[in-house]
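# Chains, contacts and geometry: an overview
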Amino acid sequence: MTIDFPSAPSDVDQRHLIVISTASPIACLEAVTGVLGPGGARLGGFSLKRVGSRFEAVLQLTGLDDAAAERLAALIAARPDAGSVRTEHQWVRP
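Residues numbered from 1 in each chain as written. Predicted model: local features only at pLDDT ≥ 70, side-chain atom pairs only at ≥ 80, totals over all residues. Heavy atoms only, no water.

## Notes on the pattern of salt bridges
Spelled out, the test is: Here, a salt bridge means any side-chain nitrogen of Lys or Arg that lies within 4 Å of a carboxyl oxygen of Asp or Glu. Secondary structure elements are defined from DSSP: runs of H or I of at least 4 residues count as helices, runs of E of at least 2 residues count as strands, and each element is numbered from the N terminus. Three exposure classes are used, based on accessible area relative to the maximum for each residue type with a 1.4 Å probe and protein chains only: buried under 20%, partly exposed in between, and exposed over 50%.
What the rule picks out here adds up to four salt bridges. Where Arg 79 meets Glu 30, a salt bridge forms, and the shortest distance between an N and an O atom there is 4.0 Å. Placement of Arg 79 in the loop between helix H2 (66–77) and strand E4 (82–92) and of Glu 30 in helix H1 (residues 25–35) is noted, with a sequence separation of 49 residues between them. Looking at Glu 30, the relative accessible area reads 40%, which means it is partly exposed. The partner of Glu 88 in a salt bridge is Arg 86, with the nearest N and O atoms 3.2 Å apart.

## What about the nonpolar core?
The line we're drawing: Here, nonpolar core refers to any group of buried Ala, Val, Leu, Ile, Met, Phe, Trp, Tyr and Cys residues whose side-chain atoms link them within 4.5 Å. Contact definition: two residues touch when any of their heavy atoms are within 4.5 Å.
Within the largest apolar cluster, 16 residues are counted, with the highest numbers of intra-cluster contacts made by Ile 18, Ile 20, Leu 59, Leu 61, Leu 64, Leu 72 and Ile 76. Elements represented by at least two residues in this core include exactly strand E1 (13–22), H1, strand E3 (54–62) and H2. If you tally residues by element for this core, the top one is H2, at five residues. If we ignore the near neighbours within four places in the chain, the residues touching Ile 20 are Cys 28, Val 32, Phe 55, Glu 56, Ala 57, Leu 59, Ile 76, Ser 84 and Val 85.

## Some details on H1
Cut-off, in case you're wondering: Working note: the arc is built from the helix axis to C-beta atom directions.
Listing the buried residues of H1 in full gives Ala 27, Cys 28, Ala 31, Val 32 and Val 35. Summarising the axial view, the buried residues of H1 lie within an arc of 135 degrees, below the 170-degree limit, and thus occupy one face. Away from its buried face, by an angle of more than 90 degrees, H1 presents the exposed residues Ile 26, Thr 33 and Gly 34. Looking at the buried residues of H1, the elements they touch are E1, strand E2 (42–51), E3 and H2.

## Concerning the sheet that holds E2
Our working definition: Note on pairing: DSSP must find at least two bridges between two strands before they are called paired. Lines fitted to C-alpha atoms define the axes here, with helix axes fitted over just the stretch in contact, and angles between the N-to-C directions of these axes take values from 0 to 180 degrees.
Within the open sheet, the four strands sit side by side as E2-E3-E1-E4. Their pairing is antiparallel. Two strands bound the open sheet, and with one partner strand each, they are E2 and E4. Strand-to-strand twist in this sheet, taken as the mean axis angle between neighbours without regard to direction, amounts to 15 degrees. As judged from the nine bridges shared by E2 and E3, these two strands associate in the antiparallel manner.

## Remarks on a nonpolar patch on the surface
Spelled out, the test is: A patch is a set of surface residues, each over 30% in relative accessible area and not in a salt bridge, joined within 9 Å for like charges and within 5 Å for the nonpolar side chains Val, Leu, Ile, Met, Phe, Trp and Tyr. Methods summary: accessible areas were calculated by the Shrake-Rupley approach with a probe of 1.4 Å, and residue burial reflects only the protein chains presented.
On the surface, a cluster of nonpolar side chains totalling about 430 Å² of accessible area is made up of Ile 26, Leu 29, Leu 43, Phe 46 and Leu 48. At the level of elements, H1 and E2 are the ones that each hand at least two residues to the nonpolar patch. Among the elements that take part in the nonpolar patch, E2 stands out by supplying three residues, more than any other. Looking at the secondary structure, you find Leu 29 in helix H1.

Right, dumping it as structure tokens:
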């Protein structure tokens, strides 16, 4: 089943969280640096923490629409060391 969501209203800022789980902190960092670069995404925040026996990185990105954030998440998920990847989209009024 596909659910179509409306595009963001013009009076909000779009933020996207990409949450990555890997077996090592180095793999988290490599996943992040492997996809960020030219393309318009701006890193608004980053955290890295241990969760049980795994590591979780959370990227907060701006400068992207929902589809571009999903494409970045798909690139990360395609990495062999990515255990799981999820994306959250936020609309924030300034």
